[in-house]
Amino acid sequence: MASKKKTNKKSIIIAAASMLVIVAVLTVVSIFSSRGERIPDNPPGTVGNIPGNINNGGIICEHDGKIYFSNPYDGGALYSMNLDETDCKKISTSVASSICAAGDYLYYFQSGSSGAAGLGGVRVPTSFIRCHLDGSKGYTMTRNVVVRAQVIDNYIYAEGTADAEHDAAYFFRMDIAAKEKEEILAPFAINPACVSGNRIYYADTSSSRNLQAYNTQSGGSSTIIEDNVWNPVLDGGYIYYMAPGDGYQLRRYSLSDNTIEIISNEKIESFNVYNGYVYYQTFGDNAYLGFMLTNGENATVLTGGNYNSISMTSGYVYFKDFFNEDALYHTRLGSTYFEPVNAAASAALENIKTENSED
């Protein structure tokens, strides 16, 4: 009897060892398959996400009839759904930000995993990921911590933060195949969110906060306007921005006639612009989330309180409660009604139940 138990124990050990070898081989094959994958060029003029979404964390990205988003109901895991919020499903456990999409690929910064990754909860390192639109074949493009990133044609331009290699924030780019990587104007940090053609519009954070334009082809920068600028957003021939030096007014600059308009005298905490509307959060004792037309007319209070992560798609505006970021809300463009994104909550609940039953 003892001999039989010993044999069974030995068989279990051999089987376990064999399984580990198989897992290791499959992992290596997967890594090399992703690394060796040919990434086709993007069409000229490709931009991975609208600037206001990237400025607000890049947690929502609309692409080719789908919305890709970081689902707070599931710890920030990466999900996808149709534009009408049907077919909501989890495509990665990665906690995603700076989500961009181009062609058949998603690009995003992974700041961790939404749950235990097996084997006692393996820690997922921060990294910038490229994957297919269904979340498959994830490939680590860099381990650098990315504050904001934007896909521009065949490159990812990114704002990095201080780390073991850098004493301060810096600016870099890498091609979409992750074969080339270079720092640009280091250690000067550029927010790459606001793009038009071969120009990135950004606030000069080194001194003046003037609006600058970085030319992605020549590598040079030029001053566009001398004004105190923060979080520029390009939409419809105008660059919208907050003016911290003048009470955080919301202004817009016309690229065609070089004029500046004040479109709100409120103290603006954050904002987004898309599809004919500006959505904005004020700060102060009577803070509120509001919206107006892009020329500043028809200003309307959506709800009192403090909200953030204002993200826009062709049909909805998404946002979070500053004091409860485990929920996601939406409102239709121009509507005064808002509610939780129930599709995201329901899909997360089903996934969590399934994952718990498998443990």
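Refer to the structure printed above.
Small disclaimer: the values here were computed from a predicted structure and weren't measured.

## Regarding the sheet that holds strand β25 (residues 316–321)
Across a sheet, paired strands are connected by hydrogen bonds in the backbone, their directions being either parallel or antiparallel.
Next, step 1: Spatial strand order, β24-β25-β26-β27: 4 strands in an open sheet with antiparallel pairing. Each of the sheet's edge strands pairs with one partner strand only, and the pair in question is β24 (307–312) and β27 (339–340).
Next, step 2: Pairing of β24 with β25 involves 4 bridges; the strand directions are antiparallel. Opposite Ser311, over in β25, you have Tyr318 as the bridge partner.

## Side note on the side chain of Thr331
Next, step 1: Tracing the sequence through the fold places Thr331 in strand β26 (residues 324–332).
Next, step 2: A polar atom in the side chain of Thr331 sits 2.7 Å from the backbone oxygen of Tyr337.
Next, step 3: Setting aside anything within four residues of it in sequence, one finds Thr331 in contact with Tyr279, Leu302, Gly315, Tyr316, Val317, Phe319, Tyr337 and Phe338.

## A closer look at the nonpolar core
Next, step 1: Counting residues in hydrophobic clusters, the biggest one holds 20 residues, and the most contacted among them are Tyr107, Phe128, Met141, Val146 and Ile156.
Next, step 2: Mapped by element, the contributors of at least two residues to this core are β4 (89–102), β5 (105–113), β7 (139–142), β8 (146–152), β9 (155–160) and β10 (170–175).
Next, step 3: With residues up to four places along the chain from it excluded, the contact list for Phe128 reads Tyr107, Tyr108, Phe109, Tyr139, Thr140, Met141, Thr142, Val146, Ala149, Ile156 and Met174.
Next, step 4: In terms of nonpolar packing, the next biggest core, distinct from the first, is built from 15 residues, Tyr79, Cys88, Tyr318 and Leu328 among them.

## Concerning the pattern of salt bridges
Next, step 1: Evaluated as defined, the whole model comprises 9 salt bridges.
Next, step 2: Between Glu182 and Arg173 there is a salt bridge, and its shortest N-O distance comes to 2.7 Å.
Next, step 3: A relative accessible area of 37% places Glu182 in the partly exposed class.
Next, step 4: In this structure, Asp227 engages Arg251 in a salt bridge whose closest nitrogen and oxygen atoms are separated by 2.8 Å. Of this pair, Asp227 sits in the loop between β15 (221–225) and β16 (230–235) while Arg251 sits in strand β18 (residues 249–254), placing them 24 residues apart in sequence. Arg251 shares its class with Asp227; the two are buried.
Next, step 5: The structure contains a network of salt bridges with shared partners spanning Lys66, Asp87 and Lys89.

## Notes on unusual backbone geometry
Among all residues save glycine, negative phi is the norm, and among peptide bonds the norm is trans.
Next, step 1: With phi around 50 degrees, Ser98 is a residue other than glycine that occupies positive phi space.
Next, step 2: For Ser98, the position within the fold is in strand β4.

## Focus: the environment of Phe109
Next, step 1: Following the sequence through the fold, Phe109 ends up in strand β5.
Next, step 2: Those residues in contact with Phe109 that sit more than four places away from it in its chain are Val95, Ala96, Ser97, Ser98, Thr126, Ser127, Phe128, Asn144, Val145 and Val146.

## Brief notes about the sheet that holds strand β13 (residues 199–203)
Next, step 1: Spatial ordering of the open sheet is given by β12-β13-β14-β15, a layout of 4 strands whose pairing is antiparallel. Two strands in the sheet have a free side with no partner beyond their single neighbour: β12 (194–196) and β15. Neighbour-to-neighbour, the strand axes of this sheet turn through a mean angle of 30 degrees, independent of strand direction.

What counts, and at which threshold
Residues numbered from 1 in each chain as written. Predicted model: local features only at pLDDT ≥ 70, side-chain atom pairs only at ≥ 80, totals over all residues. Heavy atoms only, no water. Pairing = 2+ DSSP bridges. Helix = DSSP H or I, 4+ residues; strand = E, 2+ residues; numbered from the N terminus. Polar contact = N/O pair within 3.5 Å; in protein donor to acceptor, adjacent residues only side chain to side chain. Contact = heavy atoms within 4.5 Å. Core = buried A, V, L, I, M, F, W, Y, C linked by side-chain atoms within 4.5 Å. Buried < 20%, exposed > 50% of the residue type's maximum accessible area, 1.4 Å probe, protein only. Salt bridge = Lys/Arg side-chain N within 4 Å of Asp/Glu carboxyl O. Axes fitted to C-alpha atoms, helices over the stretch in contact; angles between N-to-C directions.

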